[in-house]
Amino acid sequence: MSELVLVLDFGGQYKELIAGAVRGLSVYSEIRAGSMAADDVKRLNPIGVILTGGPDSVTLPDSPKCDPGLFALGIPVLGICYGMQLMCHMLGGEVSSGGAGEYGRVTVTPADSAQKPFLALMSHSDAVTRLPEGFKATARTASCIAACEDAGRRLCGVQFHPETKHTEGGREILRRFLYELCGASGGYRPEKTAAALIENIRYTVGEQRVLLALSGGVDSSVCAALLSKAVPGRLTCIFVDHGLMRLGEGDEIERVFSSLDLRFIRVNAQERFLARLRGAADPERKRKLIGEEFIRVFEKEAAKLGDIPFLAQGTIYPDIVESGGEYGATIKSHHNVGGLPETLAFTGVIEPLAGLFKDEVRVLGKKLGLPEALVKRQPFPGPGLAIRVMGEVTEEKLEALRAADAIVREELDGARRRPAQYFAVLTDTRSVGVKGDGRTYDYVAAVRAVTTDDFMTCGYAPLPHTVLRRVSSRMTSEIPSISRVVYDVTSKPPGTIEWE
């Protein structure tokens, strides 16, 4: 890539969102460790550097730091949240901790009176209280310095998060950094990565064979398309039906992929997975049990097929960030990342999409010629309905949830303004109700529908009450074990899209 922006990671949950926003503005980005040496940064010759947020306090002696030499390279630097605090702290400013902080959307007032105040997403308790020499405040909130810059050294920082859709004008702030401060010319397009990814797969695999963990979702489907082009005739796709799929989904996946030019194997392992999950109620334990069981099934099937040294997965960026990193906290272990067992009966694991967001994966899928219906398929977690059933997973609960989820999808699939993702959750709570003339004490189901472009943040979708009423009426009428329906109006953050 001719133009590169480095995103130096200090454990912020939005690091991939920053990288994705940069690439969305037609500039290539890569995420590297925040501790990356200044000489290594210089060797890569980036046009700009962005310092991410993070969960630590720069006032603590063991908090992550960047190389001080970074600020002397003459490369434009943008610090975001922790990144701004770190830059100010290391250059002689002062950061105070222990305040009330700011969380959620806060009004930011620019120092330039010609610019209007705007709402920005804040998530911090520390604040810059004294700027380094040469810096000036360019915006404030009621309680902190919200933005600052040293124009001469092309160093700037914002306390808020311009990478999220919750900050008004955030995209324009990033665009100005890239094109005005860094001098970017643009030219990066996600679809252009296909050739490079295919070449990387060929280089890694050589003449050997690959076993793909195929779920039927957009990520593993695009991965299958890439692999089929990279290693034609040497790809086997195994779909493990763990009994945790949506209504009729296993048969649908078999119907679609059996007709394609690849070797497709369906493994019916419903009883095996349910037995393994028996007694498990903690969501992290469920994820890890499912992840390990997936791998054991693949190992067993691979042994039947002969020597297949490589396991491929459709892992994408959000899977990795939520499973934790060098500095980041583990939000939830994805079965294909944090849930993998330590020992694998494969020479290597191939994850060609691990640097892409969901929207970039969809663009790539279109470029590879996948059907529109498949590319735009509703997202579905690898652990399946196990993490949409609260508490222990039983066949009774799964049967109720499949029916409830089918109702939600039937009612929303044809909506004029369809949410980005929508599904049902079966809570582990029972509620008193009345059906006919009798008392009931059955499960409470929850409906979740969100609006998002990146799946790193989201807002709840304001569904019409007529739709919610219809969904509730159908669930309580058609599903005997559900007596009450609630609607989730939580955004991310503080929630996640899935409940577990």
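Engineer: Teacher, can you tell me more about the pattern of salt bridges here?
Structural biologist: Any two side chains of opposite charge can pair, so long as their charged atoms come close to each other. For the coordinates displayed, the defined rule picks out 29 salt bridges. A salt bridge links arginine 266 to aspartate 241; the nearest nitrogen and oxygen atoms lie 2.7 Å apart. Pair noted here: arginine 266 is in strand β14 (residues 263-268) and aspartate 241 is in strand β13 (residues 235-241), with a separation of 25 residues, a long-range link. For aspartate 241, a relative accessible area of 6% gives the class buried. The partner of glutamate 410 in a salt bridge is arginine 474, and the shortest N-O contact between them spans 2.9 Å. You can see glutamate 410 sitting in helix α13 (residues 395-412) and its partner arginine 474 sitting in helix α14 (residues 465-478), a full 64 residues away along the chain.

Engineer: Sorry, what's going on with unusual backbone geometry here?
Structural biologist: Apart from glycine, the bulk of residues carry a negative phi angle, and the bulk of peptide bonds sit in the trans form. Here the residue pair lysine 492 and proline 493 is connected by a cis peptide bond, since its omega of -10° sits within 30 degrees of zero. Take proline 493: it is sitting in the segment after β20 (482-487). Residues proline 493 and proline 494 are joined by a peptide bond in cis, for which omega reads 10°. Note on placement: proline 494 falls in the segment after β20. Although it is not a glycine, serine 26 sits at a positive phi angle of roughly 70°. For serine 26, a relative accessible area of 16% corresponds to the buried category.

Engineer: Is there a simple way to explain the packing of α13 against α14 in this structure?
Structural biologist: How two helices pack is summed up by the angle between their axes together with the distance between the axes. At a minimum axis separation of 10 Å, α13 and α14 run at an interaxial angle of 150°. Between α13 and α14, the interaxial angle falls into the category roughly antiparallel. As for the relative orientation of α13 and α14, their crossing is right-handed in sense. The segment α13 lies against α14, with Ala404, Ile407, Val408, Glu410, Glu411 and Leu412 engaging Val467, Arg470, Val471, Arg474, Met475 and Glu478. Residue classes in the contact of α13 with α14 are distributed as 7 nonpolar, no polar and 5 charged.

Engineer: How do you make sense of the environment of glycine 186 when you look at a structure like this?
Structural biologist: Here glycine 186 shows up in the loop between α4 (170-181) and α5 (193-205). Sequence-wise, glycine 186 and glutamate 3 are 183 residues apart; in three dimensions their C-alpha atoms are separated by 7.8 Å. Those residues in contact with glycine 186, other than ones at most four positions away along the chain, are Glu3, Ser26, Val27 and Tyr179.

Engineer: Explain the environment of isoleucine 75 here, please?
Structural biologist: Within the fold, isoleucine 75 resides in the loop between β3 (48-51) and β4 (77-80). Sequence separation of isoleucine 75 and valine 49 is 26 residues, and the distance between their C-alpha atoms is 7.1 Å. Setting aside chain neighbours within four positions, we find isoleucine 75 in contact with Val41, Pro46, Ile47, Gly48, Val49, Arg154 and Leu155.

Engineer: Any chance you could explain the side chain of glutamate 293 here in plain terms?
Structural biologist: Within the secondary structure, glutamate 293 sits in helix α9 (residues 283-305). For glutamate 293, a relative accessible area of 6% gives the class buried. A polar contact of 2.6 Å, which involves the side chain of glutamate 293, links it to the side chain of arginine 276. Among residues more than four places away in sequence, those in contact with glutamate 293 are Arg272, Phe273 and Arg276.

Engineer: Would you mind going over the sheet that holds strand β15 (residues 310-312) with me for this structure?
Structural biologist: Working definition: the strands of a sheet are paired by backbone hydrogen bonds and lie parallel or antiparallel to each other. Reading across from one edge, β14-β13-β12-β15-β16 is the order of the 5 strands in this open sheet, with parallel pairing throughout. Looking along the sheet, the strands with just one partner apiece sit at the ends: β14 and β16 (348-350). Sheet twist, expressed as the mean angle between neighbouring strand axes with direction ignored, is 25°. Pairing analysis gives 3 bridges linking β15 to β16, with the strands arranged parallel. By the bridge assignment for β16, phenylalanine 310 is matched with glycine 348.

Engineer: What should I look at first to understand helix α6 (residues 218-230) in this one?
Structural biologist: Every α-helix carries 3.6 residues per turn, so stepping three or four residues along brings you back to the same face. For α6, with 13 residues, the first-to-last C-alpha span of 18 Å sits near the 18 Å given by 1.5 Å per residue. Among the 13 residues in α6, 11 count as buried, and that is most of the element. Of the positions making up α6, those classed as buried are Val218, Asp219, Ser220, Ser221, Val222, Cys223, Ala224, Ala225, Leu226, Leu227 and Ala230.

Engineer: For this particular structure, what's the right way to read the pairing of strand β10 (residues 145-150)?
Structural biologist: Across a regular strand the side chains alternate sides, sitting on one face of the sheet and then on the other. With 5 of 6 residues buried, β10 lies mostly within the body of the structure. Pairing of β10 with strand β11 (residues 155-158) involves 4 bridges; the strand directions are antiparallel. Residue pairing across strands places aspartate 150 opposite leucine 155, the latter belonging to β11. The turn linking β10 back onto β11 is made up of 4 residues, and arginine 154 within it adopts a positive phi angle of 55°.

Engineer: For this particular structure, what's the right way to read the environment of arginine 272?
Structural biologist: With respect to the secondary-structure elements, arginine 272 resides in helix α8 (residues 270-277). When its relative accessible area of 33% is taken as the criterion, arginine 272 is described as partly exposed. A C-alpha to C-alpha distance of 9.6 Å links arginine 272 and valine 297, two positions 25 residues apart in sequence. Among residues more than four places away in sequence, those in contact with arginine 272 are Glu293, Arg296, Val297 and Lys300.

Rules used in this analysis
- Residues numbered from 1 in each chain as written.
- Predicted model: local features only at pLDDT ≥ 70, side-chain atom pairs only at ≥ 80, totals over all residues.
- Heavy atoms only, no water.
- Salt bridge = Lys/Arg side-chain N within 4 Å of Asp/Glu carboxyl O.
- Helix = DSSP H or I, 4+ residues; strand = E, 2+ residues; numbered from the N terminus.
- Buried < 20%, exposed > 50% of the residue type's maximum accessible area, 1.4 Å probe, protein only.
- Axes fitted to C-alpha atoms, helices over the stretch in contact; angles between N-to-C directions.
- Parallel < 35°, antiparallel > 145°, perpendicular 65-115°, else oblique.
- Left-handed = near helix turned anticlockwise from the far one by under 90°.
- Contact = heavy atoms within 4.5 Å.
- Nonpolar A, V, L, I, M, F, W, Y, C, P; charged D, E, K, R; others polar.
- Polar contact = N/O pair within 3.5 Å; in protein donor to acceptor, adjacent residues only side chain to side chain.
- Pairing = 2+ DSSP bridges.
- Expected span 1.5 Å × (residues − 1).

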